[in-house]
Amino acid sequence: MLEYVKPMAANNQPYELPDEHGHFGQFGGIYVAETLIPALDELREEYQRAMKDPAFLAEFEYELKHYVGRPSPLYHARRWSDELGGAQIYLKREDLNHTGAHKINNTIGQALLARRMGKKRVIAETGAGQHGVASATVAARYGLECVVYMGAEDVARQAPNVFRMKLLGASVVAVESGSRTLKDAMNEAMRDWVTNVDSTYYIIGTCAGPHPYPQLVRDFQSVIGEECKVQCAEQIGRQPDAVVACVGGGSNAIGIFYPYIDVPGVRLIGVEAGGNGVETGRHAAPLTSNARPGVLHGQRVNLMQDENGQIVDTHSISAGLDYPGVGPEHCYLNEIGRAEYVAINDDEALTAFHDLCRYEGIIPALESSHALAHGAKMASQMSRDQIIVINLSGRGDKDIPTIARLDGIVL
Amino acid sequence: MSRIQNAFTRLKAAGQQALIPYITAGDPHPGATVSLMHALVAGGADIIELGVPFTDPSADGPVIQRAAERALAHGVSLRQIITMVAEFRKADSDTPVVLMGYANPVEAMGYEAFAKAASAAGIDGLLTVDLPPEEAIDRVAILKRYGIDPIFLLALTTPPARARAVAELAAGYVYYVSLKGVTGAANLDVGSVATKLAELRQYIPLPIGVGFGIRDAASARAVAAVADAVVIGSRIVQEFEAGESGLAGRLTDFVAGVRSAMNAPRA
Ligand SMILES: Cc1ncc(COP(=O)(O)O)c(C=O)c1O
């Protein structure tokens, strides 16, 4: 049985966040229109009951094992580590999960909640399409109707995933408003939810949005870190010096970080999308660029905005990181200094993408390639007996058309 | 007495309900807004809800989303909108103006700076749709210090305990969202509005306005029979999509039509 143990913060104070209104310090909360408040109350109450229900937890664990294929391996990337000539790199292989990314851990948990709540219809927003695919997958698995909102720009750049969602029986709605990316898909999903709140469960795909989403997504994803701790002990005999993960909204990162928050000596490093470079303004790195806190999508978080509080367009080569905010718990971990946040630019991510293909025979997602690139930078500065775990959040099949296009190849 | 209180007192004495049209500031361009506000008053608007455009209007339907996009294409800012109201006040010192929008533009300006500037410009209230009472307490205190009424939303699904919490914070009036959905949806059920308002009035001493889904003179008249104020948004903003030519006249005519239906004697 999975155990949900509350970690301790480094200073030995119990780390019990969020508070009852969803606050992580000054971040998080519930900033939504009154019409959604009862739905969020209902979700929070059902979630609290579910997490104390052994039958729910057992089913979640069963599904993770038999449907997703967990535990995902912790793999020593020996050839790449040798090439870099520094720390040993281990990859937490979320790319090997059913549907090819960590997203499925969360969608299974939330679909089970939807079923408990008697909802027959689920909706989701998606950027790269991985969360859309994971939502469409569990909707098929549990017999739920599924509608996925996706920014029109992302529909174009992630065509294989759009087709996958349709194969799985979901309808995909291309969102034409705003910047036509992930944030606009989230706006449209919230509009659908507020209209169809009686019949519909909204599966948010990252640890963002109004309380209780950041908490429940974290809890469902923390299986990554729980497994990693056990695997490190078994395979290496100790915990790593650093854990590195890419951060869009931050769900794969919080999933692997959370169980390590109270483990001293383990650096936690979140890698944001630097786009063309943080200094160019064309990026998706709210923490690295010191974006001011603001309110969007039901939460108070560090937010890329102009001086008038309008949300600015973001840029990243990876659709899954192209979001102007970041989950509230990351904002908090950044503020208290327990986790560090850095940015990796498009071209650095691409180099890491190709390196992993060539040195390890693994095609990583472009999102995960940001974590790989930073992990590689760190490794070369560290000694051979040091250890870095990189969360390989997804596989790169969906990105092959993008990579081909960059290389001038028409498939 | 505040302008909003004044308006409701005057209407009550006349046995009437307030008509509150909504337009988005800066739509179709910043130079148009002040004269369009006067056009609304000329048609019989009692209070104006002036929308502050936001890049991510997740509680709005397509009509008001497009209005926000038109306004933002001109880079309209909250500070600029405050200036527009100051301009409006030069010719109209009575009609209350409530800013309506999302939390972030106000957060970015800062509540203290906003409240001070808004009060000096003659703004009467602020409604931020994504700021529920839980998060509002400190912010409301600042607004009230400057005489800005915090306007809150109530919904079909709002339980009594929350209605009481809202009553403690709210001033001016409260805004009852008459349907499940975004602005501009068309599934208003007047019967259920009447039942819910009767319940809410047990907890809320303030006037209650009803909005979302009111599209014409008939639905406005029906709602006016049970509410203290009728808010019309998307149907008015729709007029902007027909182009700027003759817009002020169309707004005045539409508002006047609704006003006279609301005022017509009831059998
Ligand atoms: C493979 C992969 N990694 C990471 C992300 C970013 O999301 P998060 O930051 O929530 O893990 C995505 C989002 O689509 C993804 O597909």
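Residues numbered from 1 in each chain as written. Chains lettered and ligands numbered in written order. Predicted model: local features only at pLDDT ≥ 70, side-chain atom pairs only at ≥ 80, totals over all residues. Heavy atoms only, no water.

**Student:** Would you mind going over the overall build of chain B with me for this structure?
**Tutor:** Within chain B, the regular secondary structure consists of twelve helices and nine strands. Expected size for 267 residues packed as a compact globule is a radius of gyration near 18 Å; at 17 Å, chain B falls within 12% of this value. Projecting the C-alpha coordinates of chain B onto the three principal axes gives extents of approximately 45 × 40 × 35 Å. When the accessible surface of chain B is split by element, carbon and sulfur atoms take 55% of a total near 9400 Å². Treating the 23 positive side-chain charges of chain B as one cloud and the 26 negative ones as another, the clouds have centres 4 Å apart. (Helix = DSSP H or I, 4+ residues; strand = E, 2+ residues; numbered from the N terminus. Rg over C-alpha atoms; globule rule 2.2 N^0.38 Å. Areas by Shrake-Rupley, 256 points an atom, 1.4 Å probe, with all protein chains shown as cover. Lys, Arg positive; Asp, Glu negative; His and termini not counted. Charge placed at Lys NZ, Arg CZ, Asp CG, Glu CD.)

**Student:** Which parts of the structure should I look at to understand the UniProt feature "active site" (unreviewed entry) in chain B?
**Tutor:** Residue and element names in this part refer to chain B. UniProt feature "active site" (unreviewed entry): in the numbering of this structure it lies at Glu-49 and Asp-60. Note on placement: Glu-49 falls in strand E2 (residues 48–51). Exposure remark for Glu-49: the relative accessible area of 0% places this residue in the buried category. Once you skip the residues sitting within four places of it in the chain, Glu-49 turns out to touch Ile-20, Pro-21, Tyr-22, Ile-23, Val-98, Met-100, Leu-127, Tyr-173, Tyr-175 and Val-231. Among the structural elements, Asp-60 can be located in the loop between E2 and helix H3 (62–73). (UniProt positions renumbered as here; feature names shortened; annotations may be inferred. Buried < 20%, exposed > 50% of the residue type's maximum accessible area, 1.4 Å probe, protein only. Contact = heavy atoms within 4.5 Å.)

**Student:** Quick question: what am I supposed to make of the site of the ligand here?
**Tutor:** All names here are of chain A. As a structural note, the neighbourhood of the ligand is formed by 18 residues, with Thr-206, Gly-248, Gly-250, Ser-251 and Ser-393 the closest of them. Within the backbone of Gly-249, one N or O atom sits 3.2 Å away from an oxygen atom of the ligand. Side-chain polar atom of Asn-252 to an oxygen atom of the ligand: 2.8 Å apart, as the coordinates give it. Against a free-state accessible area of 390 Å², the protein chains account for coverage of 98% of the ligand. (Near = heavy atom within 4 Å. Polar contact = N/O pair within 3.5 Å; in protein donor to acceptor, adjacent residues only side chain to side chain.)

**Student:** What's the story with the side chain of A:Thr402 in this structure? I'm lost.
**Tutor:** Residues and elements named next belong to chain A. When you line up the elements, Thr-402 lands in helix H15 (residues 400–406). Here Thr-402 falls in the buried class, since its relative accessible area comes to 9%. Non-local contacts of Thr-402, meaning those with residues more than four positions away in its chain, are made with Arg-157 and Leu-366.

**Student:** I'm lost on empty space enclosed by the protein in this one. Help?
**Tutor:** Taking a probe equal in size to a water molecule and rolling it over the atoms shows the remaining empty space. All names here are of chain A. Scanning the model with the defined rule gives eleven cavities of 30 Å³ or more in all. As a volume, the largest cavity reaches approximately 300 Å³. Contributing to the lining of the largest cavity are 31 residues, with His-102, Lys-103, Ala-128, Gly-320 and Glu-367 lying nearest its centre. Those elements that provide at least two residues to the lining of the largest cavity are strand E5 (121–126), helix H5 (130–142), helix H11 (251–257) and helix H14 (366–381). Its residues placed into classes, the lining of the largest cavity shows eight nonpolar, 18 polar and five charged. (1 Å grid on protein atoms, 1.4 Å probe; cavity = no way out; pocket = protein on both sides within 12 Å on 5 of 7 lines; lining within 4 Å. Points joined across faces, edges and corners; volume = space filled by probe spheres on them. Nonpolar A, V, L, I, M, F, W, Y, C, P; charged D, E, K, R; others polar.)

**Student:** Would you mind showing me how to read the sheet that holds strand E2 (residues 27–31) of chain A here?
**Tutor:** Within a sheet, each strand pairs with its neighbour through backbone hydrogen bonds, oriented either parallel or antiparallel. Residue and element names in this part refer to chain A. Ordered in space as E1-E2-E13-E12, the four strands form an open sheet in which the pairing is antiparallel. This sheet does not close on itself; its edge strands, each paired only once, are strand E1 (23–24) and strand E12 (293–296). Here E2 runs beside strand E13 (residues 298–302); their pairing, made up of two bridges, is antiparallel. Within E13, the residue paired with Tyr-31 across the bridge is Gly-298. (Pairing = 2+ DSSP bridges.)

**Student:** Is there a simple way to explain the packing of aromatic side chains in this structure?
**Tutor:** Remark: the centre distance and the inter-plane angle together describe each pair of aromatic rings, the angle taken between the planes. Residues and elements named next belong to chain A. As enumerated under the stated definition, the model contains eleven aromatic pairs over all chains in all. Centre to centre, the rings of Tyr-15 and Tyr-332 are 6.2 Å apart; their planes meet at 50°, and the pair counts as tilted. Of the two residues, Tyr-15 is situated in the segment before E1 and Tyr-332 in helix H12 (residues 328–336); the sequence distance between them amounts to 317 residues. A centroid spacing of 5.9 Å and a plane angle of 85° characterise the contact between Tyr-47 and Phe-220, whose relative ring orientation is edge-to-face. One end of the pair, Tyr-47, is in helix H1 (residues 37–50); the other, Phe-220, is in helix H9 (residues 213–221), and 173 residues separate them in sequence. Here Tyr-47 and Phe-220 have matching classes, each one buried. Here the aromatic cluster, defined as three or more aromatic residues joined through ring pairs, consists of Tyr-47, Phe-56, Phe-60 and Phe-220. Here Arg-93 stacks its cationic end above the ring of Tyr-75, 5.7 Å away from the centre of that ring. (Phe/Tyr/Trp six-rings, centres within 6.5 Å; stacked < 30°, edge-to-face > 60°. Lys NZ or Arg CZ within 6 Å of the ring centre and 35° of its normal.)

**Student:** What exactly am I supposed to notice about the environment of B:Ala163 here?
**Tutor:** All names here are of chain B. In this structure, Ala-163 sits in helix H8 (residues 160–169). Relative accessible area serves as the criterion here: at 0%, Ala-163 is assigned to the buried category. Those residues in contact with Ala-163 that sit more than four places away from it in its chain are Leu-154, Thr-158, Leu-200, Tyr-203 and Ile-204.

**Student:** How should the interface of chain B and chain A be read in this particular structure?
**Tutor:** Reports of interface size often rely on the accessible area that becomes lost once the parts have come together. In this complex, chain B contributes 36 residues to the contact, which on the side of chain A involves 36 residues. Of all residues in chain B, the largest losses of buried area upon contact with chain A belong to B:Asp56, B:Glu135 and B:Lys180, amounting jointly to 20% of the total for that side. Counting every contact that joins chain B to chain A gives three salt bridges. With a closest N to O distance of 2.8 Å, B:Arg162 and A:Glu34 form a salt bridge. (Buried area = accessible area lost by both parts, 1.4 Å probe. Salt bridge = Lys/Arg side-chain N within 4 Å of Asp/Glu carboxyl O.)

**Student:** Please explain the side chain of A:Glu63 as it appears in this structure.
**Tutor:** Looking at where A:Glu63 falls in the secondary structure, it is placed in helix H2 (residues 54–68). The contacts of A:Glu63, once residues within four sequence positions are left out, are A:Val68, A:Ile108, A:Arg141 and A:Tyr142.

**Student:** Looking at this model, I keep getting lost on the pairing of E2(B). Mind explaining?
**Tutor:** Strand residues, when the strand is regular, have side chains that alternate between the two faces of the sheet. Residue and element names in this part refer to chain B. Burial along E2 is two-sided: Ile-48 and Leu-50 and Glu-49 and Gly-51, pointing in opposite directions, are all buried. Here strand E1 (residues 18–24) runs beside E2; their pairing, made up of three bridges, is parallel. Considered in E2, the bridge of Tyr-22 is made with Glu-49. Traced from E1 through helix H2 (residues 33–43) to E2, the parallel crossover comes out right-handed. (Right-handed = clockwise from strand over helix to strand, strands pointing away.)

**Student:** What is the right way to look at the state of the cysteines in this model?
**Tutor:** By definition, a disulfide links two cysteine residues through a covalent bond between their sulfur atoms. Residue and element names in this part refer to chain A. Evaluated as defined, the whole model comprises zero disulfides over all chains. Here Cys-331 stays unpaired: no disulfide links it, and the sulfur of Cys-207, its closest cysteine neighbor, is 9.3 Å away. Take Cys-331: its relative accessible area is 1%, and that puts it in the buried class. (Disulfide = S-S within 2.5 Å.)

**Student:** So what exactly am I meant to see when it comes to the packing of H2(B) against helix H4 (residues 78–89) of chain B here?
**Tutor:** Helix packing for two helices is described by the angle between their axes and how far apart those axes are. Residues and elements named next belong to chain B. Between H2 and H4, the shortest axis-to-axis distance is 9 Å and the interhelical angle comes to 50°. By the angle class used here, H2 and H4 are oblique. Once H2 is placed against H4, the crossing between them reads as right-handed. Where H2 abuts H4, its residues Thr-33, Val-34, Met-37, His-38 and Val-41 lie against Met-84, Glu-87 and Phe-88. For the contact of H2 with H4, the per-class residue count stands at five nonpolar, two polar and one charged. (Axes fitted to C-alpha atoms, helices over the stretch in contact; angles between N-to-C directions. Parallel < 35°, antiparallel > 145°, perpendicular 65-115°, else oblique. Left-handed = near helix turned anticlockwise from the far one by under 90°.)

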